[in-house]
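The primary structure of each chain is shown beneath.
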Amino acid sequence: MTAPLQNLTQMPDPQYLMVGDGYRIATYSWGDEDAPTVVVVHGFASSTKDNWVATGWVRDLTAAGYRVLALDQRGHGASDKPHEPRAYDIRQLAGDVETMLDTYLVDEAFYVGYSLGARVGWEVVQDIAPRIPRAVLGGVPDGIPLARLDLDQVRALIADGTPVTDRVTQNYIALTERVPGNDLRALLAIAEGMRSSKTVDPDPAHAPQQPVMFATGSLDGIIEGSKTLAAACPQGRFVEIPDRHHFNAPGSRVFRGAALEFLAS
């Protein structure tokens, strides 16, 4: 096996940190600690490995001279997976990222997030704006994350195996089953927590002020909403990822290339 392929597929052992409400969050680090830092945050039903390592992002970012920090968001990967919706308020998810930066003693970092990770990023880049000079938000929803997921059908599937018939929900279930270690009950709790928190709609009237690149697949149903959010940012830029939908956009070379160019500009 060649070194580049090893870098693409291998994961370091997770380093765990405890967040304020007592959950363990798995974090990962690549590259020189003295290099500029990029924080990468994955989407719903994904993980650091699935979203960023297997798709070549970590390889390309480290090759470009960055240190990469990542976490498995609560409910995902090697992190704790509570089944209570109250554990998944958007503020708690953003707080996990901010705690990671504090724990690793990172004063300043670029932020790269996809889907749920991008929605979390909308909060992080404003909460600690002086520490996040530039961000990439891919596939960011302009409304409630996971709003198209049919929760009743997911509950029925968990309870007695009733087949899911809603097409969008089928896609999410397929994504859940594709990533080893996913816990459907935890992922259901995430969706319920997002909806019940009442704080999940990005507010264009309170948009990030620093340079932000938005990127969404041309086949993604949320593309117009993503464009709206980009237009609301004083230094926003929008990149359309050609021939990609919401679930396969992270693997796009066009997306990676545009992000690397943006971060270096």
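Per chain, the residues get numbers from 1 upward, laid out in the order the sequence is written. For a predicted model such as this one, the threshold for reporting local features is a pLDDT of at least 70, and the threshold for listing and counting side-chain atom pairs is 80 or more; totals across whole chains, interfaces and linings nevertheless cover every residue. Where side-chain values are given, they derive from all heavy atoms of the structure, hydrogens and water being excluded.

A run of H or I in DSSP counts as a helix once it spans at least four residues, and a run of E counts as a strand once it spans at least two, with each numbered from the N terminus. A tally of regular secondary structure across the protein gives 10 helices and eight strands. With the radius of gyration taken over C-alpha atoms, the globule rule is written as 2.2 Å times the number of residues to the power 0.38. Here the C-alpha atoms of the protein give a radius of gyration of 17 Å, agreeing with the 18 Å that 2.2 N^0.38 yields for 265 residues. In the form shown here, the protein has an accessible surface area of approximately 11200 Å², with 50% of it arising from carbon and sulfur atoms. Method for areas: the Shrake-Rupley scheme with a 1.4 Å probe, in which residue coverage is limited to the protein chains shown.

Before going further, it helps to spend a moment on empty space enclosed by the protein. Any residue with an atom within 4 Å of a point lines the site, the site being either a cavity, points on a 1 Å grid over the protein atoms alone where a 1.4 Å probe fits but cannot get out, or a pocket, an open set with protein on both sides within 12 Å along at least 5 of 7 lines. Grid points are joined across faces, edges and corners, and a volume is the space filled by probe spheres set on the points. According to the stated counting rule, one finds one cavity of 30 Å³ or more in the structure shown. Approximately 40 Å³ is the volume attributed to the largest cavity. What lines the largest cavity is simply Phe 44, Leu 149, Val 154, Tyr 172, Ile 173, Thr 176, Leu 184, Leu 187 and Leu 188. Elements supplying a minimum of two residues to the lining of the largest cavity: helix H7 (167-178) and helix H8 (184-197). Charged means Asp, Glu, Lys or Arg here, nonpolar means Ala, Val, Leu, Ile, Met, Phe, Trp, Tyr, Cys or Pro, and polar covers whatever is left, Gly included. Among the residues forming the lining of the largest cavity, the class breakdown is eight nonpolar, one polar and no charged.

Grouped together as the largest cluster of nonpolar side chains are 52 residues, with contacts concentrated most on Val 39, Tyr 111, Val 120 and Phe 214. For this core, the element with the most residues is H8, which contributes seven residues. In this structure Val 39 touches Leu 69, Val 97, Met 100, Leu 101, Ala 109, Phe 110, Tyr 111 and Val 112, once residues within four positions along its chain are discounted. Formed by 27 residues, the second largest nonpolar core is a distinct cluster that contains Trp 30, Ala 70, Ile 241 and Ala 259. What is meant by a nonpolar core is a set of buried Ala, Val, Leu, Ile, Met, Phe, Trp, Tyr and Cys residues, joined one to another through side-chain atoms within 4.5 Å. Exposed residues in this analysis have more than 50% of their type's maximum accessible area, buried residues have under 20%, and partly exposed residues fall in between, with area computed by a 1.4 Å probe over protein chains only. Between two residues, a contact is recorded if the distance between any of their heavy atoms is within 4.5 Å.

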